[in-house]
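# Survey of secondary and tertiary structure
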Amino acid sequence: MVDSNKSNSKKGVLDIWDDYDQNHPENAQLRGDAEFDGPVKDRKCTDIFYLIFFILTNFGLVFVCYFIIPEGDLHRLTHGFDFRAEICGYGGLADRPYMYWPDPYNLDFSLCVQRCPEYYITDYICLYDTDHKTLLLDWGCWDTVVTTYYGYYCVPVTDQARRKVMDYLYQPMILVKRSVGDLALAWDTVVMGLILSIGIGLIYLVCFRIPYVMHALMIVSIFTPELLFLYFIYLFREAQLSTHQQLCGESDAGAEPEYCYEAPSQGFYYLMFVALGFAIAYAVWIIMKWRLLKLGVSIIMLSCRPLHTLKQFFLYPFMLMLSGIGIIGLLTLLVLYTMSTGTETTVKASEIPGGYSKKIEDYETEKYMMIYNVFITLWWLVYLIAFGEFVLSSSVAVWYFTRERSSLYYPLWKGFKSILRYHLGSTVRGSLFNSVLAIPNKIMTSYTRMLYKLKKNHNGLANCLGKCCACLACHQKYLRFFTDYAFIFLALFGHPFFECAKKSYYLLKRNKQRVNLPSKAGQFVIFIMKATICLSGTALTYSLLLLQPYTPRGQDTDLLVAPSWLAFYSLIVGWFTAQVFGGSMAACMNTVVLCGACDEEMFTREQRFMDHQLQAFLDSVFEEQTEQQRESKERAVMQNPKKVYQKASLLENMDEEGAILLKPIKNNYTGSQKGSDTLMGDETVIAAQRPNVAYNNNDQSNFHWMEEDTAEDKRPQFSR
């Protein structure tokens with residue numbers, strides 16, 4: 001133990017983590033047998049605790065529904081109320097939709113009016129009786145306060161009165177309620193954006209079976225997000241002008257600039273620069289990744305054939321979309337009802353009969369219930385996506401490991417049966433962790449890559465930065481394992497989620513040279529598809545809100561106080577749509593890639609299930625990468641041989657075809673390093689993985705290599 005600690009103290013941080021990966025018990029090669037034919041049949045329930053927690057969390061929604069539905073009223077989100085706490089624009093006040101304060105310095109007393117007064121008129125505003133028609137002239141009338149429209153509210157234009165009313169309307173909870181209330185008024189614009197997103201997703205699914213059409217469509221799709229980002233700059237400018245008109249609208253008296261609340265409209269200037277920044281970043285990113293386009297389209301076309309060969313696979317995204325939209329709609333309605341709750345309070349008002357006025361105030365616990373509902377809604381979104389990925393991955397895995405695919409019936413049902421009976425808990429756990437830890441995982445992954453690049457020329461600085469970052473250990477032990485491939489490994493082998501996450505991570509790491517570049521290229525193309533689907537629907541919704549006088553249902557868009565929040569909600573719905581359609585292709589591609597890695601580790605070339613076209617494609621990509629790496633290494637040796645290699649024995653140990661000797665691999669079970677004397681003792685020998693290399697962690701020599709054309713296969717043979 002002491003010697004081990006001393007040796008570790010001499011190693012760098014990255015070297016220690018490399019040894020940790022090399023000796024990790026989950027980093028063991030998969031073994032195949034004659035009975036293996038896809039997802040295992042013998043399964044057990046996994047991660048039950050997370051399923052129980054999810055169920056108990058959703059039981060809280062029952063209590064929320066019981067409490068808020070009788071108390072809630074969606075009209076409170078869009079309209080104000082009068083001195084009797086009756087909602088303007090509904091019931092007996094249907095012809096009085098606007099909330100008006102006769103005395104803007106006393107906000108405890110309000111009336112509902114037919115239209116906001118834009119001129120000064122003496123004794124024009126009077127009290128009305130309980131029938132909402134008879135005017136109580138005996139109680140007096142008020143001179144009109146010149147106002148401007150702000151949604152369904154009449155806002156004074158004069159100095160401190162405007163400031164007082166705007167301070168009231170911009171209280172955090174009231175602002176959130178008014179913004180969300182626009183969804184109840186103009187939900188049809190979101191539906192129009194959703195229809196466009198679904199249509200674009202359908203086009204991608206249909207056209208991916210036609211090579212030339214798909215290449216042309218992807219070229220158009222590459223430029224679409226860039227154009228949409230630039231279009232959003234124009235929309236933000238229109239939103240800035242519209243908001244400025246609402247807050248500082250022209251009238252006879254005019255709203256003084258000091259009191260017209262310029263901050264909300266000025267915020268759109270910052271959004272314009274944000275959109276410009278996204279446009280520039282996207283253009284640079286596309287230029288850097290352009291060479292991956294053709295490769296990405298090819299790998300998706302080869303790996304997404306299950307979506308086209310079986311009709312149920314093609315229809316599955318629509319099934320998931322309909323169920324998801326239904327659940328999202330119900331949870332959104334619950335959020336709206338939660339925000340619309342309130343209690344009536346009584347305040348003194350000598351201006352009205354009885355001397356008291358009523359107001360609607362928020363519950364103290366309302367904001368906590370709102371946060372809870374929003375959290376559950378987002379969790380359901382990511383859970384539905386994870387559920388769909390598992391079912392589709394399980395079905396594609398059944399398809400992949402079936403030799404007679406013409407006789408394959410109802411593979412989706414097998415995926416449904418597997419998740420409903422055994423893995424609901426693992427799906428809940430994975431959906432929560434993958435979504436919550438996604439951003440920290442990406443940040444730390446980028447940081448780790450930077451350390452490895454820095455290590456090549458500045459090893460000391462890399463070790464120093466590695467030791468200074470306290471989060472590096474957390475990332476290396478936990479964060480980096482949470483990927484979408486965990487659901488695929490779960491569908492194949494049925495282990496608990498975190499175990500599947502680690503095994504899938506190490507499986508892809510062992511086969512990095514084979515699958516890394518095709519997988520990245522496919523993810524590049526799918527990201528473009530998702531961005532096009534999501535941004536197109538959002539742009540349509542935002543355009544209908546800002547550029548049209550009325551929504552398709554006839555709602556006046558000038559009476560919406562926060563159309564940008566509606567566009568944000570449309571962005572969330574568009575993101576879900578993109579995840580369903582683009583995620584279906586990603587799930588197919590990732591499943592085929594991971595199944596291919598399992599296939600190559602478990603079986604010899606003659607025994608594999610992999611399609612010949614996909615095998616040839618992966619081989620060609622690998623050979624091209626290997627040739628490029630060999631040329632770059634030879635170039636580095638010629639430029640600075642002492643710095644790159646401490647000994648010149650590397651090139652001497654290359655055969656004519658460029659096969660590189662492998663670095664000895666530590667035994668995963670004993671921790672010893674065997675076979676070190678069978679190769680040269682130079683630790684700088686580069687470990688390379690070729691398609692003709694087979695590993696065996698249980699073999700006494702701990703490694704061997706094999707040329708398929710000349711050498712005998714060392715893996716266990718069996719006949720089918």
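Residues numbered from 1 in each chain as written. Predicted model: local features only at pLDDT ≥ 70, side-chain atom pairs only at ≥ 80, totals over all residues. Heavy atoms only, no water.

### Here's the deal with the side chain of S221
As for its position among the elements, S221 is in helix α8 (residues 211-247). Among the polar contacts made by the side chain of S221, one reaches the main-chain carbonyl oxygen of L217 at a distance of 2.8 Å. Apart from residues no more than four positions distant in its own chain, S221 is found in contact with Y204, Y282, I528 and T532. (Helix = DSSP H or I, 4+ residues; strand = E, 2+ residues; numbered from the N terminus. Polar contact = N/O pair within 3.5 Å; in protein donor to acceptor, adjacent residues only side chain to side chain. Contact = heavy atoms within 4.5 Å.)

### Focus: the nonpolar core
Counting residues in hydrophobic clusters, the biggest one holds 172 residues, and the most contacted among them are L169, M218, V525, Y542 and M585. Ranked by residues supplied to this core, first place goes to helix α21 (residues 563-602) with 19 residues. If we skip the residues at most four places from it in the chain, M218 touches Y204, L293, V297, V525, I528 and M529. The next biggest cluster of nonpolar side chains, apart from the first, holds nine residues, and it includes F482, A486, F497 and Y506. (Core = buried A, V, L, I, M, F, W, Y, C linked by side-chain atoms within 4.5 Å. Buried < 20%, exposed > 50% of the residue type's maximum accessible area, 1.4 Å probe, protein only.)

### Some thoughts on the pairing of strand β5 (residues 147-150)
In the sheet, β5 pairs with strand β6 (residues 153-156) via four bridges, with the strands oriented antiparallel. Within β6, the residue paired with Y149 across the bridge is C154. Linking two consecutive strands that pair antiparallel, namely β5 and β6, is a turn of two residues; a positive phi of about 65 degrees is found at G151 within it. (Pairing = 2+ DSSP bridges.)

### Some words on the state of the cysteines
Summed over the entire model, instances satisfying the criterion amount to three disulfides. Residue pairing for C116: its cysteine sulfur links by disulfide to C154, the two sulfurs lying 1.9 Å apart. Its torsion about the S-S bond being -85 degrees, the disulfide of C116 and C154 is classed as left-handed. You can see C116 sitting in the loop between β2 (111-113) and β3 (125-126) and its partner C154 sitting in strand β6, a full 38 residues away along the chain. We classify C116 as buried; its relative accessible area is 1%. When its relative accessible area of 1% is taken as the criterion, C154 is described as buried. Left unpaired, C598 is separated from the closest cysteine sulfur, that of C595, by 6.1 Å. (Disulfide = S-S within 2.5 Å.)

### Looking at the packing of helix α6 (residues 172-185) against α21
Packed helix pairs are characterised by how far apart their axes lie and by the angle those axes make with each other. Between α6 and α21, the shortest axis-to-axis distance is 8 Å and the interhelical angle comes to 65 degrees. With respect to α21, the axis of α6 lies roughly perpendicular. Judged by the twist between their axes, the crossing of α6 over α21 is right-handed. Along its contact with α6, which presents S179, D182 and L183, the element α21 presents P563, W565, L566 and Y569. For the contact of α6 with α21, the class distribution of residues is five nonpolar, one polar and one charged. (Axes fitted to C-alpha atoms, helices over the stretch in contact; angles between N-to-C directions. Parallel < 35°, antiparallel > 145°, perpendicular 65-115°, else oblique. Left-handed = near helix turned anticlockwise from the far one by under 90°. Nonpolar A, V, L, I, M, F, W, Y, C, P; charged D, E, K, R; others polar.)

### A look at unusual backbone geometry
At D47, a residue that is not glycine, the phi angle is positive and equals roughly 55 degrees. Summarising the element assignment, D47 is placed in the loop between α2 (13-22) and α3 (48-71). Look at D47 and you get buried, because its relative accessible area is 14%. You will see that A85, though not glycine, has its phi angle at about 65 degrees, which is positive. On the secondary structure map, A85 appears in the loop between α4 (75-78) and β1 (98-100).

### Examining the pattern of salt bridges
When the charged atoms of two side chains with opposite charge come close together, those side chains can pair. Under the counting rule described, the total for this entry stands at 11 salt bridges. For the salt bridge of D21 with R480, the shortest nitrogen-to-oxygen distance reads 2.5 Å. Here R480 lies in the loop between α17 (471-477) and α18 (485-493) and D21 lies in helix α2, a separation of 459 residues in the sequence. Pair check on accessibility: D21 and R480 agree, each one buried. With a shortest N-O distance of 2.4 Å, R514 and E600 are connected by a salt bridge. (Salt bridge = Lys/Arg side-chain N within 4 Å of Asp/Glu carboxyl O.)

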